[in-house]
Amino acid sequence: MEVKLKGKLSTYRKQAWNAFSAYIKKRDKFICITCGKKATGWQMNAGHWLPGRWNSILFEETCVHAQCQICNQVLGGNQAAYYEFMLAKYGTKEMDRLRKLWRTRKIYSKQDYKTLELKYKEKLEQLK
């Protein structure tokens, strides 16, 4: 039996994102993949290779990596360096898959977000 989740959808989205973002930053050892800077706290973000935080790519692990606040926010994702990283790490086949996915629409429910939150909290614990 599914339990009815209370509260706003946006609250569940934020909780899922916080867990996912924490996992990404820890996975990447708090090192910016575009400039190599090591940082924690507000100075380190989980930056998307493709611009925008659309639901279709929001939680795609191969599309999100640790980026310092300067590269992600001030330099708009430092796209040239991010592209080179993606090409070297994943190759054109994965990049094309992500571009195709980016153009699709995905709608999450509260339960979807809760499931993602729990998944990434568990994955984060496994990294510790």
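Here is a short report on the structure shown in this document.

Criteria and thresholds
- Within any chain, residue numbers begin from 1 and follow the written order of that chain's sequence.
- Residue-level local features of this predicted model are given only where pLDDT is at least 70; pairs of side-chain atoms are given and counted only at 80 or more, and the full residue set underlies all totals for whole chains, interfaces and linings.
- The side-chain figures draw on all heavy atoms in the structure; neither hydrogens nor water molecules are used.
- Angular values range over 0 to 180 degrees, each being the angle between N-to-C directions of two axes fitted as lines to C-alpha atoms, with helices fitted over their stretch in contact.
- Every helix listed is a DSSP run of H or I at least four residues long, and every strand listed is a run of E at least two residues long, numbered separately from the N terminus.
- Relative orientations are named as follows: roughly parallel for angles under 35 degrees, roughly antiparallel for angles over 145 degrees, roughly perpendicular for angles from 65 to 115 degrees, and oblique for any other angle.
- Helix crossings get a hand from a simple test, with the near helix turned counterclockwise from the far one by less than a right angle marking a left-handed crossing and a clockwise turn marking a right-handed one.
- Contacts are assigned to residue pairs with any non-hydrogen atoms lying within 4.5 Å of each other.
- Polarity classes work like this: nonpolar for Ala, Val, Leu, Ile, Met, Phe, Trp, Tyr, Cys and Pro, charged for Asp, Glu, Lys and Arg, and polar for all others, with Gly in that last group.
- Note on terminology: a nonpolar core comprises buried Ala, Val, Leu, Ile, Met, Phe, Trp, Tyr and Cys residues joined through side-chain atoms within 4.5 Å.
- Exposure is judged per residue with a 1.4 Å probe applied to protein chains only, and the accessible area is read against the type maximum: over 50% gives exposed, under 20% gives buried, and values in between give partly exposed.
- What counts as a disulfide here is a pair of cysteine sulfur atoms lying within 2.5 Å.
- A patch is a set of surface residues, each over 30% in relative accessible area and not in a salt bridge, joined within 9 Å for like charges and within 5 Å for the nonpolar side chains Val, Leu, Ile, Met, Phe, Trp and Tyr.
- Working definition of accessibility: Shrake-Rupley area with a 1.4 Å probe, residue cover restricted to the visible protein chains.
- By definition, a salt bridge exists where a carboxyl oxygen of Asp or Glu is found within 4 Å of a side-chain nitrogen of Lys or Arg.
- Distance and chemistry together define a polar contact, namely a pair of N or O atoms within 3.5 Å, with one atom able to donate a hydrogen and the other to accept it when in protein, and with adjacent residues in sequence counting only for side-chain atoms on both sides.
- Working rule for helices: expected span equals 1.5 Å times residues minus one.

Topic: the packing of helix α1 (residues 9-27) against helix α6 (residues 110-127)
Point 1. Direction vectors running N to C along α1 and α6 enclose 20 degrees, while the axes themselves pass 8 Å from each other. Taken as axis vectors, α1 and α6 run roughly parallel relative to one another. Relative to α6, α1 is oriented so that their crossing is left-handed. Residues Leu9, Tyr12, Arg13, Gln15, Ala16, Ala19, Phe20, Ala22, Tyr23, Lys26 and Arg27 of α1 lie in contact with α6, whose contacting residues are Lys110, Tyr113, Lys114, Leu116, Glu117, Tyr120, Lys121, Lys123, Leu124 and Leu127.
Point 2. Here the residues of the contact of α1 with α6 are counted per class, giving 12 nonpolar, 1 polar and 8 charged.

Considering the nonpolar core
Point 1. If you look at the biggest cluster of nonpolar residues, it comprises 26 residues, and the most contacted ones within it are Trp17, Phe20, Trp49, Phe59, Cys63, Val64 and Met86.
Point 2. Of the residues forming this core, the biggest block, 7 residues, is contributed by α1.
Point 3. Apart from the residues within four sequence positions on either side, Val64 is in contact with Trp17, Phe20, Ile24, Arg27, Ala46, Gly47, His48, Ile57, Leu58 and Tyr82.
Point 4. Ala39, Met44, Cys68 and Cys71 belong to the second-largest nonpolar core, a separate cluster that totals 6 residues.

A few points about the state of the cysteines
Point 1. Summed over the entire model, instances satisfying the criterion amount to 0 disulfides.
Point 2. Between Cys35, a free cysteine, and Cys32, which holds the nearest cysteine sulfur, the sulfur-to-sulfur gap is 3.7 Å.
Point 3. Here Cys63 stays free of any disulfide, with the sulfur of Cys32 as its closest cysteine sulfur at 15 Å.
Point 4. Classification of Cys63 as buried rests on a relative accessible area of 0%.

Structural notes on a nonpolar patch on the surface
Point 1. A surface patch of nonpolar side chains, amounting to about 270 Å² of accessible area, comprises Ile70, Val74 and Leu75.
Point 2. Secondary-structure assignment places Ile70 in helix α3 (residues 69-74).

Let's talk about the side chain of His65
Point 1. Considering the arrangement of structural elements, one finds His65 in strand β2 (residues 64-68).
Point 2. At a separation of 2.9 Å, a polar atom in the side chain of His65 contacts the side chain of Tyr90.
Point 3. With near-sequence residues (within four places) excluded, His65 lies in contact with Ile24, Arg27, Asp28, Ile33, Asn45, Ala46, Gly47, Tyr82, Phe85, Met86 and Tyr90.

Quick word on α1
Point 1. Under the 1.5 Å per step criterion, the end-to-end length of α1 is 27 Å for 19 residues, consistent within 8% with the ideal 27 Å.
Point 2. The complete set of buried residues in α1 reads Tyr12, Ala16, Trp17, Ala19, Phe20, Ser21, Tyr23, Ile24 and Lys25.
Point 3. Packed against the buried residues of α1 are β1 (44-48), α2 (55-58), β2 and α6.
Point 4. The positive-phi residue at the C-terminal boundary of α1 is Lys29, with phi of around 60 degrees.

Don't take any of this as a statement about function, it's just geometry.
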